[in-house]
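Structural features, examined
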Amino acid sequence: MKINVTDARIALEEGEEIFPLLEKPKLPDYSNVTARPHFSYYYTKEETVWERLCFCMEKLPALCPDDPYLGCYALMFSQLYPLLLSTNQAKNIIAYGPPTDCGAYRAFQDFMTFLQEGSSLTALAQSPFSFTALTKNFCHALLYRLDTCPAPAAVCDAVERVKTGGLILLYTVHNTLPAELGFLSEKAKKNCFGSCTVYTLIMDESLFAFALANSSEAFILSRAEELERRTNDLQGLIQAILSDAALSEDTYFVTTLILQQTEEILLSIYDYLENAALPILTNALKEAVLNYFVGIRSHFDLTTYRERLVQSSKHFFSSMEEEFL
Amino acid sequence: MNKYRMCIIPPYPLENVQLLKDRVIFPYACFCLFGTSLQIVTQSTGDYPYLSYLDGADLISLPQQGSHMENAIRYLSEHKEEIDLLFLFGARGEYIDLALTYKSLRPDGIIYLKLDTNIDWANALPLYHKPFADFLQSCDIISCETRRLQSFLYKKWRRPVEYIPNGVYYPLYPEAAGVRFEDKENIILTVGRIGTFQKNSLLLLYAFALTFVELKEPWELVMVGSVTPEFQADYDDFCKRFPLLAPHIHLPGNITDKKVLYQYYKRAKIFALSSRAEGGSPNVFSEAAIFGCTVVTTEVDAAPDMTDNGRVGRISVGTEDFDAFAKELTALCQNPVYLAHNFEAMRTYIKEFFDYERLADRLRILVDLQMQKRRPS
């Protein structure tokens, strides 16, 4: 795949196939409201927007040697172009997926600074955590490589950061979106060339609502609700076990099962826990319940098992309360 | 009550002595409690006289041609219907294909992996290697041998790991039933490969010397096990330098007759473990504990578990501090009331939390729950 740059046109080419990216307008383009003229100067002779764009596009292959995403970068450049020219405000773009020293970012930043000093492309580290540190609705565009982290919650976390009217560019070399993101693919404009696909979306209310409902924050809240429900159930069950009432074996099985589920839910939100020991405290309570159950079933002396059950349940419930209530 | 057809496949061929070690004894306790059959599948390394202790278990000898694991995979493929619960021992790369094969042939079957590892080893496991990560993922129940390691693995693996210590299978120790504190003598005992780097025997030798001078009553140090030539030289040198202590330190060598070894446990009041590292609580600890010895140990991973966080034993800080170890040893030797009281406390503790039959019962519930999850509700 190569990028063919002429004075009149920029296109992606592979074999016989051509994908036109941008055409130089024949007449002055009044959508360009940056300080620099689009393709001609009155009074002085300096580099025009079009010339700088051609220069940056030409540099891309050298900046991204052997990068399978080269086509994606070129497609995204063409999508960003009208946005960058649309106002003379400094633009704020976030990019997630490639390493932070990705060559394409340098080309984008070069062009953005040329148009408007103060415009910034922030390359985020390859962790879904990157987004939680950023304010919602604050950036003009998002470049998101789906192949790095296709988890819907991470994509939605990223989408939430884009301001209304901003541009969302999701790209991949695998040509598919995760099924859970079907809503996005329905709304998106899809551009494909070779193995490269870019989904383009404009941020609006419906997109924001979708992102909000599927973000990690929503996921954590729903998990927290499940944990609260299970903790309440466990409180009743442990009380019953310690009350010395004759209980069916099922009571112990159900208690163990709920504790296992609690442990799994806690591990699923492990990154967000204040108290990282919560999963193991849950396991300790499960072990105490099982020891007590084994003791009852085999008619062992229960004194120590009971003490440990009381101890670990106190520790568990107080820690859960501290974390979630 | 559910019953299961069980199978043990070790990562490499089993030796006779290993039939009575954790890798076989714990699954055997499970078989006795909730199994209908137990197959021990291995390439033969010789005769297996200890099989006579494992009533009801079948030893399946794999062909000698080809590798142990290739043959094990073939056996498993041909006998998949006879295996509901597969016991694996050690988070080893050798198991990658075996676990994958079993799960593809018996998606309803359960893999239980007993880790048999310490923190250093667990930290070196290649979690970034996808086949290895998939192998761990395919294990339905994983257990480790110390709480310290369990805590570490929760942080590192972010998956449930059960705590099942190296325990005691009481039917193998009928002698432990009749032991009495009154029959015990002022003996500090250690058992292991004396002089190896791991066992750190010099620490115990010199700590004993520091202790000895503090005591009003004489105590004996007995170091049972094969002795390295380096340690023998150190010991000879020690005896020349401290001739008054020499008669109180005994190296009876390796004792293969368990009845003789158990006599030492019966007579000793204190069991000392000076190791630099252990892969869980060592078998010698469990043996000492059921005979009512109070344990003093260096800060190995299992130290808090062996002593119930210092309640039924003493933990010396670090693994190289002679003075600290001597201080703990001295405190114990000077406190006969504690030793007498702890005789029962230790035996009760080990019975309650290290008895393989009780631990097997706990595993049984976890296995039943795994089975329930597989059934459509």
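1. Concerning the overall build of chain A
Secondary structure summary: chain A contains 11 helices and nine strands in total. Rg of the C-alpha trace for chain A: 28 Å, well past the compact-globule value of 20 Å for 325 residues, more than 25% over. For chain A, the spread of C-alpha atoms along the three principal axes comes to 95 × 40 × 30 Å. Residue burial in chain A is summarised as follows: out of 325 residues, 49% are buried. For chain A, long-range pairs separated by at least 24 residues make up 67% of all intrachain contacts whose partners lie at least 6 apart in sequence. Summing over all exposed atoms, chain A offers an accessible surface of approximately 15000 Å²; the carbon and sulfur share of this is 53%. Side chains of chain A give 25 positive and 41 negative charges; the mean places of these two sets differ by 5 Å.

2. Some points on the overall build of chain B
The helix and strand tally for chain B stands at 14 helices and 13 strands. Overall size of chain B, expressed as C-alpha extent along the three principal axes, is 70 × 40 × 40 Å. Taking all 377 residues of chain B together, 58% fall into the buried category. Look at the contacts in chain B between residues 6 or more apart in sequence, and 74% of them connect residues 24 or more apart.

3. A look at the domain arrangement of chain B
How big an interface is tends to be stated in terms of the accessible area lost upon association of its parts. All names here are of chain B. When its domains are assigned, chain B resolves into domain 1 (4–167 + 355–374) and domain 2 (171–354). Each of domain 1 and domain 2 has a C-alpha centre, and the two are 31 Å apart. Listed as interface residues are 22 residues of domain 1 and, on the opposing side, 19 residues of domain 2. Contact between domain 1 and domain 2 buries roughly 1600 Å² in total, counting both sides, with carbon and sulfur atoms accounting for 45%. Considering only the surface of domain 1 that becomes buried against domain 2, Arg-148, Asn-166 and Asp-355 emerge as the three largest contributors, covering 32% of it. Inspection of the region where domain 1 meets domain 2 yields two salt bridges. Here Asp-355 makes a salt bridge to Lys-351, at a shortest N to O gap of 3.1 Å. Linking domain 1 to domain 2 there are six residue pairs in polar contact (both at pLDDT 80 or more).

4. A short note on the sheet that holds strand S8 (residues 185–191) of chain B
Residue and element names in this part refer to chain B. Taken together, the six strands give an open sheet; going across it, the order is S10-S9-S8-S11-S12-S13, and neighbouring strands pair in parallel fashion. Bordering the open sheet on either side are strand S10 (249–253) and strand S13 (313–315), each of which pairs with just one other strand. Within the sheet, the average angular offset between the axes of one strand and its neighbour, ignoring direction, is 20°. In the sheet, strand S9 (residues 220–224) pairs with S10 via three bridges, with the strands oriented parallel.

5. Some thoughts on the nonpolar core
Ranked by size, the top nonpolar core spans 171 residues in total, and within it Leu86(B), Leu98(B), Phe135(B), Leu189(B), Tyr265(B) and Phe271(B) carry the most contacts. Element by element, the count of residues in this core is highest for helix H10 (residues 278–297) of chain A, at 10 residues. Judged by nonpolar contacts, the second largest core, of 49 residues, contains Ile3(A), Ile10(A), Cys54(A) and Leu75(A).

6. Brief notes about the domain arrangement of chain A
Residues and elements named next belong to chain A. Parsing chain A into structural domains produces domain 1 (2–214) and domain 2 (216–324). Distance from the C-alpha centre of domain 1 to the C-alpha centre of domain 2: 49 Å. With eight residues of domain 1 at the interface, the matching set in domain 2 holds five residues. Buried area between domain 1 and domain 2, summed over both chains or domains, comes out near 480 Å², and the portion from carbon and sulfur atoms is 51%. The three residues of domain 1 that bury the most area against domain 2 are Phe-129, Lys-136 and Asp-157, which together make up 56% of that side's buried surface. Connecting domain 1 to domain 2 are one salt bridge. Inspection of the domain 1/domain 2 interface yields two residue pairs in polar contact (both at pLDDT 80 or more).

7. Focus on the side chain of Thr319(B)
Residue and element names in this part refer to chain B. Within the element layout of this structure, Thr-319 appears in the loop between S13 and helix H12 (322–333). At 3.1 Å, the side chain of Thr-319 forms a polar contact with the side chain of Glu-320. Residues within four places of Thr-319 in sequence aside, it is in contact with Asn-200, Leu-203, Ser-275, Arg-276, Thr-298 and Glu-299.

8. Section: the sheet that holds strand S8 (residues 189–193) of chain A
Backbone-to-backbone hydrogen bonds join strands into a sheet, with any given pair of strands oriented parallel or antiparallel. Residue and element names in this part refer to chain A. Across the sheet, six strands lie side by side as S5-S4-S6-S7-S9-S8; this open sheet has mixed pairing. A single partner strand is all that each edge strand has here, and the edge strands are strand S5 (120–123) and S8. For this sheet the average axis-to-axis angle between neighbouring strands, irrespective of direction, equals 15°. Two strands pair when backbone bridges link them, and S8 and strand S9 (residues 196–202) are joined in this way by five bridges, in the antiparallel orientation. Across the sheet, the residue bridging to Asn-191 is Val-198, located in S9. Along the sheet face, helix H2 (residues 70–86) touches strand S4 (92–96), strand S6 (139–145), strand S7 (162–172), S8 and S9 and points at about 165° away from the line of S7. Against the sheet, helix H5 (residues 152–159) contacts S6 and S7, and its axis sits at roughly 160° relative to S6.

9. A closer look at the packing of aromatic side chains
Considering all chains together, one arrives at 36 aromatic pairs over all chains under this definition. When the ring of Phe26(B) is compared with that of Tyr356(B), the centres are 5.0 Å apart and the planes differ by 35°; the resulting orientation is tilted. Here Tyr356(B) lies in helix H14 (residues 356–374) and Phe26(B) lies in helix H1 (residues 22–34), a separation of 330 residues in the sequence. Ring plane angle 75° and centroid distance 5.8 Å describe the contact between Tyr50(B) and Tyr53(B), whose orientation is recorded as edge-to-face. Sitting over the ring of Phe114(A), Arg36(A) keeps its end group 4.0 Å from the ring centre. A cation sits over an aromatic face here: Arg314(B) above Tyr338(B), 4.6 Å from the ring centre.

10. Focus: H1(B)
Residues and elements named next belong to chain B. Between its first and last C-alpha, H1 extends 18 Å over 13 residues, near the 18 Å set by a 1.5 Å rise per residue. Of all 13 residues in H1, 11 are buried, a share of seventy percent or more. For H1, the set of buried residues is Asp-22, Arg-23, Val-24, Ile-25, Phe-26, Pro-27, Tyr-28, Ala-29, Cys-30, Phe-31 and Phe-34.

11. Concerning unusual backbone geometry
Residues and elements named next belong to chain B. For Asp-116, which is not glycine, the phi dihedral falls at a positive 50°. When you line up the elements, Asp-116 lands in the loop between strand S5 (110–114) and helix H4 (119–123). Assessed through its relative accessible area of 30%, Asp-116 is described here as partly exposed. Despite not being glycine, Asn-309 shows a phi value in the positive range, around 55°.

12. Some words on the interface of chain B and chain A
On the chain A side, the residues contacting the 26 residues of chain B number 26 residues. Carbon and sulfur atoms supply 56% of the area that chain B and chain A bury against each other, a total of about 2500 Å² over both sides. Interface area lost by chain B to chain A is led by Tyr154(B), Arg158(B) and Ile365(B), which between them contribute 24%. Arg147(B) is the salt-bridge partner of Glu287(A), the closest N and O atoms lying 2.7 Å from each other. The interface formed by chain B and chain A includes 14 residue pairs in polar contact (both at pLDDT 80 or more). Elements with a contribution of two residues or more to the side of chain B that touches chain A: helix H6 (147–157), strand S7 (162–163), helix H13 (336–354) and H14 of chain B. When residues of the side of chain B that touches chain A are assigned to their parent elements, the largest contribution, nine residues, is made by H14(B).

Quick notes on the rules
Residues numbered from 1 in each chain as written. Chains lettered and ligands numbered in written order. Predicted model: local features only at pLDDT ≥ 70, side-chain atom pairs only at ≥ 80, totals over all residues. Heavy atoms only, no water. Helix = DSSP H or I, 4+ residues; strand = E, 2+ residues; numbered from the N terminus. Rg over C-alpha atoms; globule rule 2.2 N^0.38 Å. Buried < 20%, exposed > 50% of the residue type's maximum accessible area, 1.4 Å probe, protein only. Contact = heavy atoms within 4.5 Å. Areas by Shrake-Rupley, 256 points an atom, 1.4 Å probe, with all protein chains shown as cover. Lys, Arg positive; Asp, Glu negative; His and termini not counted. Charge placed at Lys NZ, Arg CZ, Asp CG, Glu CD. Domains from an automatic or database assignment. Buried area = accessible area lost by both parts, 1.4 Å probe. Salt bridge = Lys/Arg side-chain N within 4 Å of Asp/Glu carboxyl O. Polar contact = N/O pair within 3.5 Å; in protein donor to acceptor, adjacent residues only side chain to side chain. Pairing = 2+ DSSP bridges. Axes fitted to C-alpha atoms, helices over the stretch in contact; angles between N-to-C directions. Core = buried A, V, L, I, M, F, W, Y, C linked by side-chain atoms within 4.5 Å. Phe/Tyr/Trp six-rings, centres within 6.5 Å; stacked < 30°, edge-to-face > 60°. Lys NZ or Arg CZ within 6 Å of the ring centre and 35° of its normal. Expected span 1.5 Å × (residues − 1).

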